[in-house]
Amino acid sequence: MIPPAFDYARPTSVDEAVRALADAGEEAKVLAGGQSLLPLLRLRLAFPELVVDVGRIPELRGVREDGGTLVIGAMTTHHDVIHDPLVRRHAGLLASATATVADPAVRHRGTLGGSLAHADPAGDLPAVVLALNGELVAQGPRGRRTLPARDFFVDYLQSALEPDELLVEVRVPKADGWGFHYEKFHRVAQAWATVGVAALVRRDDGHIAEARVGLTNMGSTPLRASATEDALSGAGDAEAVARAAESAAEGTRPSQDISASPEYREHLARVLTRRAVLAAAGMG
């Protein structure tokens, strides 16, 4: 299909991009890698008056260290996230989960910031950044502000970004010494996850000292399996992990669609959580 007509801006700095967004108000859309926006335009599910292409802003790309935190530019592509040595060393969960996103063509164009700003609960990376206790940095006319991942995702395809704000950085605490694993179920290759589980585990003296479990596609936003995280504290064998995983779906509201019923998604959450935690803890 042919998209509706729109004006096009291609700023070369963050300040210029913010000005363009502020001038257009709610009638503007940001074009990052285009893997989410372009299909919406072609299907006429989005009708922006202005598209602001941030692809030529160099300060939005790359990975750097800031003490105990990795700072990842919002326009860093999935491919670059996967292969960046800092990400692989200090945030292996993010690298391994990103490697499961779509296919190589999408990973070369799609961006970390674009995926997060799109706020699709079926996307792999929102739940991963949530499990990593990540923060997202937005810049607007009033300056910069930092939002914890738990506050960034508001509802289905809705984030806490204001219309005149641009996501500029993703800040991820280093997870050195933590085991990790991303497990997801999808019916066909390259499809959205029916359910996904991002697990981080820190062990001490043969037992799980701390665990974080992020859930993909179990509600209108990415979620943490808090009851399971609590139950995993002190777990020392596969049976204890399996018992903890039984509460993975508590507090979730999975959707009904052609891929799965809510009940089946709850079942998948329990099964995949058990698998992911066992793998992250080195017990499986």
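These figures come from a predicted structure and were not determined experimentally.

Here is what the cut-offs are and how they apply
Residues numbered from 1 in each chain as written. Predicted model: local features only at pLDDT ≥ 70, side-chain atom pairs only at ≥ 80, totals over all residues. Heavy atoms only, no water. Pairing = 2+ DSSP bridges. Helix = DSSP H or I, 4+ residues; strand = E, 2+ residues; numbered from the N terminus. Buried < 20%, exposed > 50% of the residue type's maximum accessible area, 1.4 Å probe, protein only. Contact = heavy atoms within 4.5 Å. Polar contact = N/O pair within 3.5 Å; in protein donor to acceptor, adjacent residues only side chain to side chain. Core = buried A, V, L, I, M, F, W, Y, C linked by side-chain atoms within 4.5 Å. Axes fitted to C-alpha atoms, helices over the stretch in contact; angles between N-to-C directions. 1 Å grid on protein atoms, 1.4 Å probe; cavity = no way out; pocket = protein on both sides within 12 Å on 5 of 7 lines; lining within 4 Å. Points joined across faces, edges and corners; volume = space filled by probe spheres on them. Nonpolar A, V, L, I, M, F, W, Y, C, P; charged D, E, K, R; others polar.

Student: Whenever I open this one, the pairing of strand 4 (residues 63-66) confuses me. Can you help?
Tutor: Side-chain positions along a regular strand alternate between the two faces of the sheet. Strand direction decides the pairing type here: strand 4 and strand 5 (residues 69-73), joined by four bridges, are antiparallel. Pairing of R64 across the sheet is with V71, part of strand 5. In textbook terms, the turn of a hairpin is the stretch between consecutive antiparallel strands, and for strand 4 and strand 5 this stretch comprises two residues, one of which, G67, has a positive phi near 65°.

Student: Is there a simple way to explain the environment of R61 in this structure?
Tutor: Along the chain, R61 falls in the loop between strand 3 (50-53) and strand 4. R61 gets classed as partly exposed once you look at its relative accessible area, which sits at 39%. For R61 and T77, which are 16 residues apart along the polypeptide, the C-alpha to C-alpha distance reads 8.1 Å. If we ignore the near neighbours within four places in the chain, the residues touching R61 are G55, G73, M75, T76 and T77. Polar contacts involving the side chain of R61 include one to the main-chain carbonyl oxygen of M75, which spans 2.9 Å.

Student: Please clarify how the nonpolar core should be interpreted in this entry.
Tutor: One recurring pattern in soluble globular proteins: nonpolar side chains tend to sit buried together. The biggest cluster of nonpolar side chains holds 38 residues, and the ones touching the most others in it are V87, L94 and L116. Of all hydrophobic cores here, the second largest spans 24 residues; its members include A211, A225, L272 and V277.

Student: Quick question: what am I supposed to make of the sheet that holds strand 1 (residues 7-9) here?
Tutor: Backbone hydrogen bonds hold the strands of a sheet together, and the pairing may be parallel or antiparallel. The three strands are arranged 1-3-2 in an open sheet whose pairing can be described as parallel. Two strands lie at the open edges of the sheet, namely strand 1 and strand 2 (28-31), each paired on one side alone. Across the sheet, the mean angle separating the axes of adjacent strands is 25° when strand polarity is ignored. Where strand 2 and strand 3 come together, four bridges link them in parallel fashion. Bridging across to strand 3, L31 finds its partner in D53. Helix-sheet contacts for helix 1 (residues 14-24) involve strand 2 and strand 3, and the interaxial angle to strand 3 is about 170°.

Student: Would you mind showing me how to read the layout of surface pockets here?
Tutor: Any empty space left between atoms is shown by rolling a water-sized probe over those atoms. Each pocket or cavity is described by its volume, and for the second largest pocket that value is around 180 Å³. Around the second largest pocket, the lining comprises 14 residues; the ones closest to its centre are A32, G55, R61, M75 and R109. In the lining of the second largest pocket, the residues fall into four nonpolar, six polar and four charged.

Student: Hey, could you run me through the sheet that holds strand 10 (residues 166-173) in this one?
Tutor: Pairing is antiparallel across the open sheet formed by five strands, whose spatial order is 4-5-10-6-7. Edge positions in the open sheet fall to strand 4 and strand 7 (143-148), since each of these has one partner strand only. Sheet twist, expressed as the mean angle between neighbouring strand axes with direction ignored, is 25°. Across five bridges, the pairing between strand 6 (residues 135-140) and strand 10 is antiparallel. Within strand 10, the residue paired with V137 across the bridge is E169.

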